[in-house]
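Structure assessment
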Amino acid sequence: MGMASEFKQFAMRGNVVDLAVGVVIGTAFGKIVSSLVGDVVMPVIGLLVGGVDFSDMALTLRAAQDDQPAVLLGYGRLVQAVVDFLIIALAVFFVVRGINNLKRKEEAAPPPPPPGPSAEEKLLTEIRDLLKAR
């Protein structure tokens with residue numbers, strides 16, 4: 001098998017395509033959540049704690065000297081990233097929980113009864129029975 005056909009077989013597997021779609025949607029969802037956290041949640045949290053802007057919070061490790069910039073430990077972005085993560089994790093939890101609930105409902109439903117014989121099968125059975133009776 002040539003390398004190109006082997007790669008095509010690999011790339012067209014259902015799991016690989018599903019994963020690619022998941023990554024693309026996850027990236028877009030991550031941008032939405034980052035915007036939600038940065039533009040909506042963090043300003044409210046900052047207002048509640050006294051008007052603090054978390055994105056600018058940093059600890060100065062070394063002050064600026066001459067032409068060298070200051071060395072900062074930017075923990076405010078870390079706080080924002082943690083809030084991003086918690087919101088994404090909560091959203092994924094609710095999605096997985098909803099899927100699990102749907103699966104439980106499907107498993108709890110009794111299987112449908114097997115279909116009865118078709119009209120053709122019934123006719124053939126009658127013919128067989130008539131032939132046996134002779």
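Quick caveat: nothing in here was measured; it's all calculated off a predicted structure.

**Let's talk about the overall build of the protein**
For the protein, the helix and strand inventory stands at four helices and two strands. In the protein, the succession of helices and strands from N to C terminus is α-α-β-β-α-α. Expected size for 134 residues packed as a compact globule is a radius of gyration near 14 Å; at 31 Å, the protein overshoots this value by more than 25%. In terms of overall dimensions, the protein has C-alpha extents of about 115 × 50 × 20 Å along its principal axes.

**A word on the nonpolar core**
Counting residues in hydrophobic clusters, the biggest one holds five residues: Val33, Val37, Met42, Phe54 and Val83. Examining the composition of this core, we find that three residues originate from one element, helix α2 (residues 14-48), more than from any other. When neighbours within four sequence positions are excluded, Val83 is seen to be in contact with Val37, Val41 and Met42.

**A short note on helix α3 (residues 75-108)**
Helix length check: α3, at 34 residues, gives a terminal C-alpha distance of 49 Å against a target of 50 Å (1.5 Å per residue), a fit within 8%. Along α3, the residues classified as buried are Gly76, Gln80, Val83 and Asp84.

**Notes on the pattern of salt bridges**
In the structure shown here, the tally under the stated rule is one salt bridge. Note that Arg128 and Asp129 form a salt bridge whose closest N and O atoms lie 3.2 Å from each other.

**A closer look at a nonpolar patch on the surface**
Residues Leu59, Leu61, Val71, Leu73, Tyr75, Leu78, Val82, Phe85 and Leu86 make up a contiguous nonpolar surface patch of about 870 Å² in total accessible area. Secondary structure elements with two or more residues in the nonpolar patch: β1 (59-62), β2 (71-73) and α3. The element that contributes the greatest number of residues to the nonpolar patch is α3, accounting for five residues. Here Val82 lies in helix α3. The exposure class assigned to Val82 is partly exposed, which follows from its relative accessible area of 42%.

**Some thoughts on the confidence of the model for the protein**
Per-residue confidence for the protein averages 82 on the pLDDT scale, and 99% of its residues sit at or above 70. Mean pLDDT values over the elements of the protein span from 80, in helix α1 (residues 3-11), up to 90, in helix α4 (residues 119-133).

**Quick notes on unusual backbone geometry**
In this structure, Asp66 is a non-glycine residue whose phi angle is positive, near 50 degrees. Residue class for Asp66 comes out exposed when judged on its relative accessible area of 85%.

**What about the environment of Asp39?**
The topology assignment puts Asp39 in helix α2. Note: C-alpha distance between Asp39 and Leu86 (47 residues apart in sequence) is 16 Å.

**Here's the deal with the environment of Gln68**
The topology assignment puts Gln68 in the loop between β1 and β2. Of the residues examined, Gln68 reaches a relative accessible area of 40% and is grouped as partly exposed.

Quick notes on the rules
- Residues numbered from 1 in each chain as written.
- Predicted model: local features only at pLDDT ≥ 70, side-chain atom pairs only at ≥ 80, totals over all residues.
- Heavy atoms only, no water.
- Helix = DSSP H or I, 4+ residues; strand = E, 2+ residues; numbered from the N terminus.
- Rg over C-alpha atoms; globule rule 2.2 N^0.38 Å.
- Core = buried A, V, L, I, M, F, W, Y, C linked by side-chain atoms within 4.5 Å.
- Buried < 20%, exposed > 50% of the residue type's maximum accessible area, 1.4 Å probe, protein only.
- Contact = heavy atoms within 4.5 Å.
- Expected span 1.5 Å × (residues − 1).
- Salt bridge = Lys/Arg side-chain N within 4 Å of Asp/Glu carboxyl O.
- Patch = residues over 30% accessible without salt bridge, like charges linked within 9 Å, V, L, I, M, F, W, Y side chains within 5 Å.
- Areas by Shrake-Rupley, 256 points an atom, 1.4 Å probe, with all protein chains shown as cover.
- pLDDT = per-residue confidence, 0-100.

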